[in-house]
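Understanding the architecture of this molecule
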Amino acid sequence: MESRSKQLFEEAQGYIPGGVNSPVRAFKAVGGNPLFIKKAKGAFIYDEDDNEYIELINSWGPMILGHANPQIQEAVANAIEGSLSFGAPTAIEIEMAKTICEMVPSIEKVRMVNSGTEATMSAVRLARGYTNRSKIIKFEGCYHGHGDSFLIAAGSGAITLGEPDSPGVTKGVAQDTITVPFNDINQVHQVIMANRGNIAAIIVEPVAGNMGCVLPDKGFLEGLRSACDAEGIVLIFDEVMTGFRLSKAGAQGVLGVQPDITTLGKIIGGGMPVGAYGGKKEIMDYVSPQGPVYQAGTLSGNPVAMAAGLAMLKQINEDETLYSDLALITAKIDNGIQENLEELGLPYTSNRIGSMYSLFFTDKKVTDFESAKSSNLEMFGKYFREMLNQGVYLAPSQYESLFLSKAITVELANRIIEANRNALKAIH
Ligand code: KE4
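Throughout what follows, the structure given in this document is the object of discussion.

**Some points on the pattern of salt bridges**
Two side chains carrying opposite charge are able to pair once their charged atoms lie near each other. One pass over the structure, following the stated rule, counts 16 salt bridges. When the shortest N-O distance is used, the salt bridge between lysine 38 and aspartate 50 registers 2.8 Å. A residue pair is termed long-range when its members are at least 10 positions apart, and lysine 38 in strand 1 (residues 37-41) and aspartate 50 in the loop between strand 2 (44-47) and strand 3 (52-55) qualify at 12 residues. The class for lysine 38 is partly exposed, based on a relative accessible area of 42%. The exposure class of aspartate 50 is exposed, given its relative accessible area of 52%. Two residues, aspartate 285 and lysine 109, come together in a salt bridge whose shortest N-O distance is 2.8 Å. In this pair, aspartate 285 is assigned in the loop between helix 10 (281-284) and helix 11 (303-318) and lysine 109 in strand 4 (residues 109-113), connecting sequence segments 176 residues apart. Residues participating in the shared-partner salt-bridge network are Arg225, Asp229, Asp260 and Lys280.

What follows is the structure in structure tokens.
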């Protein structure tokens with residue numbers, strides 16, 4: 001009997017491009033039918049055929065406390081009683097802004113938007129307006145949302161779909177984006193010298209998550225910081241993924257390098273559509289209506305979304321062991337999988353930081369886009385489908401990081417390791 005997900009996918013394709021509202025959800029990179037999800041609770045997610053899976057995507061990051069968190073659900077239920085949106089300033093937006101500024105020391109002022117893409121698009125426009133320069137430097141394999149300036153050697157869905165440079169991005173836009181290999185500080189210096197006085201910003205995922213999880217080499221972020229200081233370039237850390245994921249102050253809180261502007265998303269909304277960009281007061285005061293750089297949004301700072309996000313951030317701030325617990329359980333899973341690989345004589349490598357983790361189907365150490373692309377995508381697809389059979393829900397692409405939640409217990413970690421072992425044996 002045809003699964004309900006398959007029936008729904010067929011129907012969805014009649015009304016929605018590719019049957020999904022975001023490309024990576026279509027399972028194109030891994031084959032097979034995308035699962036249509038009915039509900040989720042804690043560490044578990046359930047599809048429309050009532051299959052249960054241990055959840056390791058967590059909505060691509062937001063559900064760090066596990067699904068259907070009671071405090072977040074209660075905050076939303078209370079907020080909607082007063083209507084859902086006003087398009088006017090509210091007290092809760094001040095509380096959200098103050099909380100972000102307290103948690104992320106490099107942020108002195110912050111503007112709320114509705115997605116990570118809006119945050120990064122706005123941050124780049126602000127950097128261009130503030131410096132009166134046009135060009136930006138981004139890194140191959142990094143993904144900053146679907147803004148035109150970023151769909152040049154992009155990561156995530158863009159490489160998953162093999163379209164690093166999307167149609168529709170004009171030459172006029174593309175000429176102002178220069179891409180450099182991640183972790184290659186020498187090429188950054190060469191590009192800056194070749195475009196001296198024309199680079200408005202460098203935008204980087206301080207820990208890349210969109211070519212799989214890839215860590216910065218020691219000195220890479222420090223090198224970006226000093227190059228930007230020397231040349232008056234705005235350093236933008238795109239922490240949409242790493243913000244509140246790697247520490248209360250995101251990647252910058254653990255890696256010790258501060259940007260001029262930080263972009264945020266995902267966890268900040270507790271599962272609701274929220275993004276933000278913030279940084280030095282001197283720069284943020286260029287944003288309209290205080291300054292000349294225009295940016296706006298009907299639902300920006302939406303009170304229901306703010307209630308969800310604040311309930312999330314409040315719990316994060318009160319949980320003194322959240323990040324150490326997440327790091328420990330992620331390390332347990334990584335080490336258990338390494339033992340499986342050794343036992344089975346498989347040369348695959350992994351990258352991990354905090355609760356971000358990727359298993360790469362390559363024997364190379366993955367430090368940038370090129371080495372990530374040495375992975376065997378066909379083998380990854382088989383592994384993904386086999387892990388589903390084993391009851392574990394992974395990101396449907398080799399070029400995506402996994403995100404563990406607080407709901408993953410030691411018992412579930414052992415189940416994940418066992419499922420990995422069974423899946424690796426089944427496909428080799
Ligand atoms: P959104 O516009 O999707 O909220 O955020 C864009 C974005 C910006 N910056 C970084 C570092 C990001 O990871 C993202 C979005 N991440 C992807 C997952 N790789 C979202 C999943 C999807 O595209 O459906």
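**Things to note about the environment of glycine 269**
Along the chain, glycine 269 falls in the loop between strand 9 (261-264) and strand 10 (275-279). Look at glycine 269 and you get buried, because its relative accessible area is 0%. Glycine 269 sits 36 residues away from alanine 305 along the chain, and the two C-alpha atoms are 6.0 Å apart. Apart from residues lying up to four places away in sequence, glycine 269 is in contact with Val274, Ala305, Ala308 and Gly309.

**Remarks on the site of the ligand**
The environment of the ligand is made up of 17 residues, and the closest members are Ser22, Thr117, Asn210, Asp238 and Glu400. The contact in question runs from an oxygen atom of the ligand to an N or O atom on the side chain of threonine 117, over 2.6 Å. One of the side-chain N or O atoms of aspartate 238 is found 2.7 Å from a nitrogen atom in the ligand. Considered on its own, the ligand offers 540 Å² of accessible surface; in the complex 87% of this is hidden by protein. Considering only residue class, the shell around the ligand consists of five nonpolar, eight polar and four charged. Inspection of the shell around the ligand shows a minimum of three residues originating in each of domain 1 (4-68 + 320-427) and domain 2 (70-318).

**Points about helix 12 (residues 322-344)**
For helix 12, built from 23 residues, the straight-helix expectation of 33 Å at 1.5 Å per residue is met to within 8% by its first-to-last C-alpha distance of 33 Å. Every buried residue belonging to helix 12 is among Leu322, Tyr323, Leu326, Ile329, Thr330, Ala331, Ile333, Asp334, Gly336, Ile337, Asn340 and Leu341, and all of these are buried. In this structure, the buried side of helix 12 is in contact with helix 11, strand 11 (349-353), strand 12 (356-360) and helix 15 (410-427). Downstream of helix 12 by a residue or two, glycine 345 has a phi angle that is positive, lying close to 65 degrees.

**Considering the packing of aromatic side chains**
Taken as a whole, this structure holds 11 aromatic pairs when the rule is applied. Ring centres of phenylalanine 9 and phenylalanine 36 lie 6.4 Å apart, and the angle between their planes is 55 degrees; on these two criteria the pair is classed as tilted. Taken as a pair, phenylalanine 9 in helix 1 (residues 4-12) and phenylalanine 36 in the loop between helix 1 and strand 1 lie far apart in primary sequence, 27 residues in all. Pairing phenylalanine 361 with phenylalanine 380 gives two aromatic rings, centres 5.9 Å apart and planes at 85 degrees, and the pair type is edge-to-face.

**Remarks on the sheet that holds strand 7 (residues 199-204)**
Adjacent strands of a sheet pair through backbone hydrogen bonds, lying either parallel or antiparallel. Ordered by their spatial adjacency, seven strands build an open sheet running 4-10-9-8-7-5-6, and the pairing between neighbours is mixed. The sheet terminates laterally at strand 4 and strand 6 (177-181), the two strands that pair on one side only. Direction aside, the axes of adjacent strands within the sheet are offset by 20 degrees on average. Along the sheet, helix 7 (residues 185-194) contacts strand 5 (135-140), strand 6 and strand 7; its crossing angle with strand 6, the most-contacted strand, is approximately 155 degrees.

What counts, and at which threshold
All residue numbers refer to position in the chain's written sequence, counted from 1. Only residues with pLDDT of at least 70 are given local features in this predicted model, and only at 80 or more are side-chain atom pairs given and counted; all residues enter the totals for whole chains, interfaces and linings. Computation of side-chain values covers all heavy atoms of the structure but excludes hydrogens and water. Here a salt bridge means any side-chain nitrogen of Lys or Arg lying within 4 Å of a carboxyl oxygen belonging to Asp or Glu. By definition, any uninterrupted DSSP run of H or I lasting at least four residues is a helix, any uninterrupted run of E lasting at least two residues is a strand, and each is numbered from the N terminus. For every residue, the accessible area obtained with a 1.4 Å probe (protein chains only) is divided by the maximum for its type, and the residue is called buried under 20%, exposed over 50%, and partly exposed between those limits. Note on contacts: a residue pair qualifies if any of its non-hydrogen atoms lie within 4.5 Å across the two residues. For this purpose, a residue is taken to be near a molecule or strand whenever a single non-hydrogen atom of the residue falls within 4 Å of it. Under the rule applied, a polar contact is a pair of N or O atoms within 3.5 Å (in protein, one hydrogen donor and one hydrogen acceptor; residues adjacent in sequence only if both atoms are side-chain atoms). We get accessible surface area from the Shrake-Rupley algorithm with a probe of 1.4 Å; when it comes to residues, only the shown protein chains can shield them. Amino acids outside the nonpolar list (Ala, Val, Leu, Ile, Met, Phe, Trp, Tyr, Cys, Pro) and the charged list (Asp, Glu, Lys, Arg) are all regarded as polar, and Gly is one of them. An automatic or database domain assignment is the source of the domain bounds shown. Each residue after the first adds 1.5 Å to the expected span of a helix. Stacked, tilted and edge-to-face are the three classes applied to pairs of Phe, Tyr and Trp rings, where Trp contributes its six-membered ring and a pair requires centres within 6.5 Å; stacked means planes under 30 degrees apart, edge-to-face means over 60, and tilted covers the rest. The rule for pairing is simple: two strands pair if DSSP sees at least two bridges between them. In this analysis, axes come from line fits to C-alpha atoms, helices being fitted only over the stretch in contact, and the angle between any two N-to-C directions falls in the range 0 to 180 degrees.

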